[in-house]
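Residue-level structure breakdown
The primary structure of each chain is shown beneath.
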Amino acid sequence: MDFDLSEEQCAMRDAVRAMVERDLQPILSAHDPEAVLPKAVYLDIMGVLARQQLTAPRLPGDAGGAGLSMLDYGLLFEQLPPRIGMNLMSHEGCVTRLYLECTADQKDRLLPDLLAGRKVGCTGSTEPDTGSDPRGIRTRLV
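What you see is a predicted model; the values in this text were computed from it and never measured. Every chain is numbered independently, its residues counted from 1 as its sequence is written. Local features in a predicted model are, by the rule used here, given only for residues with pLDDT of at least 70; side-chain atom pairs are given and counted only at 80 or more, and totals for whole chains, interfaces and linings are based on all residues. Heavy atoms from the whole structure form the basis of all side-chain values; hydrogens and water molecules are not counted.

1. Describing the pattern of salt bridges
Formally: Here, a salt bridge means any side-chain nitrogen of Lys or Arg that lies within 4 Å of a carboxyl oxygen of Asp or Glu. To sort residues, take the accessible area from a 1.4 Å probe on protein chains only and compare it with the maximum for the residue type: under 20% means buried, over 50% means exposed, and anything in between is partly exposed. In this description a helix means any DSSP run of H or I spanning at least four residues, a strand means any run of E spanning at least two, and both kinds are numbered starting from the N terminus.
As enumerated under the stated definition, the model contains six salt bridges in all. The residue R13 makes a salt bridge to D14 at a minimum N-O spacing of 3.1 Å. Take D14: its relative accessible area is 38%, and that puts it in the partly exposed class. Residue R97 pairs with E101 through a salt bridge whose shortest N-O separation is 3.5 Å. Taken as a pair, R97 and E101 lie in helix α4 (residues 82–101) at a separation of four residues, close to a single helical turn. Accessibility expressed as a relative area gives 25% for R97, which makes it partly exposed. Among the charged side chains, a salt-bridge network with shared partners connects R13, D14 and R17.

2. Section: the state of the cysteines
The line we're drawing: Pairs of cysteine sulfur atoms within 2.5 Å are identified as disulfides in what follows.
Enumeration according to the criterion identifies zero disulfides in this entry. C122 forms no disulfide, and the closest cysteine sulfur to it belongs to C94, at a distance of 6.9 Å. The exposure class assigned to C122 is partly exposed, which follows from its relative accessible area of 38%.

3. A look at helix α2 (residues 39–51)
This is how the line gets drawn: Helix span is expected to be 1.5 Å times the residue number reduced by one.
The terminal C-alpha atoms of α2 lie 18 Å apart, and with 13 residues this matches the ideal 18 Å at 1.5 Å per residue to within 8%. Listing the buried residues of α2 in full gives V41, Y42, I45, M46, G47, V48, L49 and A50. At the C-terminal side of α2, Q53 shows a positive phi close to 60 degrees.

4. Details of the side chain of Q79
Note the cut-off: Here a polar contact is recorded for every N or O atom pair within 3.5 Å, except that within protein the pair must consist of a potential hydrogen donor and a potential acceptor, and residues adjacent in sequence are included only if both atoms are side-chain atoms. Any two residues whose heavy atoms approach within 4.5 Å are treated as being in contact.
As for its placement among the helices and strands, Q79 is situated in helix α3 (residues 70–79). Classification of Q79 as buried rests on a relative accessible area of 14%. Of the polar contacts made by the side chain of Q79, one reaches the backbone oxygen of L75; its length is 3.4 Å. Excluding residues that lie within four positions of it along the chain, Q79 makes contacts with R13, V16, R17 and V20.

5. What about the side chain of T55?
Counting through the fold element by element, T55 comes out in the loop between α2 and α3. Within polar-contact distance, the side chain of T55 engages the backbone oxygen of L115 at 2.7 Å. Excluding residues that lie within four positions of it along the chain, T55 makes contacts with M46, L49, A50, L88, H91, E92, V95, L114, L115 and G117.

6. Notes on unusual backbone geometry
A positive phi angle, close to 60 degrees, is found at Q53, a residue other than glycine. Inspection of the secondary structure puts Q53 in the loop between α2 and α3. On the accessibility criterion, Q53 (38% relative accessible area) is partly exposed.

Listed below in structure tokens is the structure:
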């Protein structure tokens, strides 16, 4: 079995690594690494990711994503600084859930701002009659 990355995977990995150094590290280096990033700064970061179709990398291209496989998504994720990657993972999960489970009207209303990085989404889930919210799933856009 061959575990080497394909040429396309190496190119994607290298492109994401270069984008991080060129576009994201200058933003991050201006802020205390121990402090929470201000919302405006994080939205700037999301804008950078959106220009690369990385706010929802597993969504199909015709839906505004990059159409990445889980393996490619993992390769992408490894290149991101942790304080960006962890937030992106939460955002991407929210966007994917909305894409798969919402009505057309809800998608039209919610997804454009999330995909463009103008809003950040996060989904919290609990099981019925357990957890902190017995009504179940809650999605919040900020």
